[in-house]
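Residue-level structure breakdown
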Amino acid sequence: MAVTIDWPFSDVTTLAPGTYWLEYGLTGDANLRGPWTPPTTATSGNARQLNLTNGEPGTWSQRFDYAPNSSRSIELPFVICGNPVPAITSLSPATATAGGATFTLTVTGSGFVNGAVVRWNGANRPTTFVSATELQAAIPATDIATAGTASITVFNPAPGGGESPGETFTINNPAPVISSLAPATATAGGAAFTLTVTGSGFVNGAVVRWNGANRPTTFVSDTQLTAAIPATDIATAGTASITVFNPAPGGGASNSLTFTINASNPAPAISSLAPAAATAGGATFTLTVNGSGFVNDSQVRWNGANRPTTFVSTTQLTATISAADLAAAGTASVTVFNPAPGGGESGAATFTINASNPVTTVYLPLIQR
């Protein structure tokens, strides 16, 4: 290290820990007989330098820093003891994902001492001294709970020492993943609705995208979002690509799932009923309706009144028929109704309610003998 202090000096200079040299200029001849500036008693052969290569106490050897017919000087080294100011060159890892687990941070640099401590945004973290160029610190999960950045520094204790310049550690948002949509289909021309997106890695600020365009999104949890889908998005039949986007740092777009917009509901048709008849006064039963054009919201109607209906497939529905519907003999008109858009009511199929079997009473004459 080079620090110039003119002789004779009047100012006191404070030097950081390190190795320095006292340099004496020659005003005499090449035989080093002086006089010296500043004055010294050194004569030829007794200007020496301390060699600490092999540690304390070191060895002294002659040193002559001059060349004939040039400026001549002799350098005498001295050491100012104390901890150095540390410096960081790299972090490993240098990033983490928000919400991750506790991990070990390796800090590489120079000037580290036993007792040095790694600091996270100015707060000490448990630190292990590995060498003068490496430290390891335990970083808790709470330090990386949310996305952002942290300033990493190293502090060496006194004497000397001090804090290094900071290095940036980045906490990234995760990449989101979609696993399912609810609903996953709609009918063309339908009304606005709420889409529930289930998956993983969602963050507060994540947005649901419909064919790449943001939709108003509500953060429910890291596994669920809801989005408001306007009627204009399902005005015509086709498909839409649904993705989720997490903001920076990190983040990005998820995989895509397909949302299907079906054409208008078809007009339903009935081909058969099972059973097609029952006895008056019978118990509640399940009626199976076979046909075509059935949709998820189809309703089985009994004489024009809706009955509790289960969608089985586009060709089959089941409905619960109560005992009250079978109270008297006769017939019932069974139809299927599909809601708008499109849809409508099917042609009727007849269900027969048979009269119960009559009870015959036989009277026999009483013969007395």
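The rules behind each value
Residues numbered from 1 in each chain as written. Predicted model: local features only at pLDDT ≥ 70, side-chain atom pairs only at ≥ 80, totals over all residues. Heavy atoms only, no water. Helix = DSSP H or I, 4+ residues; strand = E, 2+ residues; numbered from the N terminus. Buried < 20%, exposed > 50% of the residue type's maximum accessible area, 1.4 Å probe, protein only. Contact = heavy atoms within 4.5 Å. Areas by Shrake-Rupley, 256 points an atom, 1.4 Å probe, with all protein chains shown as cover. Phe/Tyr/Trp six-rings, centres within 6.5 Å; stacked < 30°, edge-to-face > 60°. Lys NZ or Arg CZ within 6 Å of the ring centre and 35° of its normal. Pairing = 2+ DSSP bridges. Salt bridge = Lys/Arg side-chain N within 4 Å of Asp/Glu carboxyl O. pLDDT = per-residue confidence, 0-100. Polar contact = N/O pair within 3.5 Å; in protein donor to acceptor, adjacent residues only side chain to side chain. Axes fitted to C-alpha atoms, helices over the stretch in contact; angles between N-to-C directions.

1. What to know about the overall build of the chain
Secondary structure assignment for the chain yields 0 helices and 35 strands. In the chain, which comprises 369 residues, the share counted as buried stands at 33%. Across the chain, the fraction of contacts at a sequence separation of at least 24, relative to all contacts at a separation of at least 6, is 59%. Of the roughly 20,200 Å² that the chain leaves accessible, carbon and sulfur atoms contribute 53%.

2. Here's the deal with the packing of aromatic side chains
A full pass over the atoms with the stated rule returns 6 aromatic pairs. Between tryptophan 210 and phenylalanine 259, the ring centres sit 5.2 Å apart and the planes meet at 50 degrees, which makes this aromatic pair tilted. Taken together, the residues tryptophan 210 in strand S19 (residues 207-210) and phenylalanine 259 in strand S25 (residues 257-262) connect sequence positions 49 residues apart. On the basis of relative accessible area, tryptophan 210 is assigned to the buried category, the value being 5%. According to the relative accessible area criterion, phenylalanine 259 is buried, its value standing at 0%. Here arginine 119 stacks its cationic end above the ring of phenylalanine 155, 4.3 Å away from the centre of that ring. Here the guanidinium or amino end of arginine 301 rests over the ring plane of phenylalanine 337, the centre of that ring lying 4.1 Å away.

3. As for the pairing of strand S22 (residues 224-229)
Within a regular strand, side chains alternate between the sheet's two faces. Of the pairings in the sheet, the one linking strand S18 (residues 193-200) to S22 comprises 6 bridges and is antiparallel in character. From the neighbouring strand, threonine 196 faces S22, where its bridge partner is threonine 226. Between strand S21 (residues 217-221) and S22, which follow one another and run antiparallel, lie 2 residues.

4. Some points on the pattern of salt bridges
Applying the stated criterion across every chain, the model contains 5 salt bridges. A salt bridge links glutamate 163 to arginine 119, with the shortest nitrogen-to-oxygen separation between them at 3.4 Å. Of the two residues, glutamate 163 is situated in strand S14 (residues 162-163) and arginine 119 in strand S9 (residues 117-120); the sequence distance between them amounts to 44 residues. Taking the relative accessible area as the measure of exposure, glutamate 163 reaches 37% and is therefore partly exposed. Overall, the relative accessible area of 18% leaves arginine 119 in the buried class. Between arginine 125 and aspartate 143 there is a salt bridge; the shortest N-O distance is 2.7 Å. Pair noted here: arginine 125 is in strand S10 (residues 123-125) and aspartate 143 is in the loop between strand S12 (134-139) and strand S13 (148-156), with a separation of 18 residues, a long-range link. Each of the two residues, arginine 125 as well as aspartate 143, counts as buried.

5. Describing unusual backbone geometry
Cis peptide bonds are those with omega within 30 degrees of zero, and the linkage from serine 92 to proline 93 qualifies with -5 degrees. Locating proline 93 in the fold gives a position in the loop between strand S6 (87-92) and strand S7 (95-97). Across the junction of alanine 274 and proline 275, the peptide omega takes the value -5 degrees, indicating a cis bond. With respect to the secondary-structure elements, proline 275 resides in the loop between strand S26 (269-274) and strand S27 (277-279). The phi angle at asparagine 303 is positive, at roughly 50 degrees, despite the residue not being glycine. Here asparagine 303 shows up in the loop between strand S29 (299-302) and strand S30 (305-307).

6. A few points about the environment of threonine 352
Inspection of the secondary structure assignment puts threonine 352 in strand S35 (residues 349-354). Sequence separation of threonine 352 and alanine 329 is 23 residues, and the distance between their C-alpha atoms is 7.8 Å. Residues in contact with threonine 352, not counting those within four places in the same chain, are Ala276, Ala277, Ala278, Gly330 and Thr331.

7. Observations regarding the confidence of the model for the chain
Mean pLDDT over the chain: 84, with 76% of residues reaching 70 or higher. Segment residues 24-30 is flagged for pLDDT under 50; beyond a separation of four residues in sequence, or across chains, it makes 24 contacts in the model. With pLDDT under 50 throughout, residues 36-48 is counted as low confidence; its partners more than four residues away or in other chains account for 29 contacts.

8. Some points on the environment of glutamate 163
For the pair glutamate 163 and valine 85, spaced 78 residues apart in the sequence, the C-alpha separation amounts to 6.5 Å. In this structure glutamate 163 touches Val85, Pro86, Arg119, Thr153, Val154 and Phe155, once residues within four positions along its chain are discounted. Within the structure, glutamate 163 has its side chain in polar contact with the side chain of arginine 119 (distance 3.4 Å).

9. Observations concerning the sheet that holds strand S11 (residues 127-131)
Here 4 strands make up an open sheet; going across it, the order is S6-S8-S12-S11 and the pairing antiparallel. Since the sheet does not close on itself, it has two edges, and those belong to S6 and S11, each with one partner. Here the strands of the sheet are splayed against their neighbours by 25 degrees on average, with no regard to which way each runs. With 6 bridges joining them, strand S8 (residues 103-110) and S12 adopt antiparallel strand pairing. Following the sheet pairing, leucine 105 is matched in S12 by alanine 137.

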